[in-house]
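# Remarks on the overall topology
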Amino acid sequence: MTMQIAQKVSITVTPDMMQALRDSVNSGEFATTSEAMRDALRVWRRQRLEDAERLEALRARVRRSLEDPRPSLTADEAEAEMTRFAENERNAAVDAAR
C-alpha cells in the first residue's frame, strides 16, 4: 500500500463544533484536532456511501414495483395496508420496550 500525501485545508466551524473537537482531544479520544477531523470525514464518507446504497435499493424497489404486472391496489386497499403496517410497527415497538 502506498502512503498518500496529506493535504492541508482550512475550515471554519462554529464555536460549539470547535468545543466538541477540543473536548474529544482533551479527553484523550483523539491525539489532535486533525485526527478528530479525519475521523469525522471518514464517518461522513461512510454515511454518504450507505445513503447512496439505500437510495439505490429504494430505486430498485420502485423499478420492481413499476414493472410488477399485478394490478395496483385501490385507495381503500392501500389505506388498509398502511393501517395494518402501522399497527404492526406499534406492536413491535411495544414488544421491544418490554
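As shown above, the structure is provided for reference.
Everything in this summary refers to the structure shown in the same document.

Conventions adopted
Residues numbered from 1 in each chain as written. Predicted model: local features only at pLDDT ≥ 70, side-chain atom pairs only at ≥ 80, totals over all residues. Heavy atoms only, no water. Helix = DSSP H or I, 4+ residues; strand = E, 2+ residues; numbered from the N terminus. Rg over C-alpha atoms; globule rule 2.2 N^0.38 Å. Buried < 20%, exposed > 50% of the residue type's maximum accessible area, 1.4 Å probe, protein only. Areas by Shrake-Rupley, 256 points an atom, 1.4 Å probe, with all protein chains shown as cover. Expected span 1.5 Å × (residues − 1). Salt bridge = Lys/Arg side-chain N within 4 Å of Asp/Glu carboxyl O.

### Observations regarding the overall build of the chain
Secondary structure summary: the chain contains 3 helices and 0 strands in total. Traced from its N-terminal end to its C-terminal end, the chain shows the element sequence α-α-α. For 98 residues, the compact-globule estimate of 2.2 N^0.38 gives 13 Å, and the chain exceeds it by more than 25% at 23 Å. Dimensions along the principal axes, computed over C-alpha positions, put the chain at roughly 60 × 40 × 30 Å. The buried share of the chain, reckoned over its 98 residues, is 5%. Only carbon and sulfur atoms are counted for the fraction: they give 55% of the accessible area of the chain, which is about 9,400 Å².

### Re helix α1 (residues 15–26)
Look at α1: 16 Å from first C-alpha to last across 12 residues, which is about the 16 Å you get at 1.5 Å a residue. At the C-terminal side of α1, glycine 28 shows a positive phi close to 90 degrees.

### A closer look at the pattern of salt bridges
Opposite charge on two side chains permits pairing when their charged atoms draw close. By the definition in use, this model includes 6 salt bridges. With a closest N to O distance of 3.6 Å, arginine 98 and aspartate 95 form a salt bridge. The exposure class of arginine 98 is exposed, given its relative accessible area of 75%.

Geometry only, nothing functional implied.
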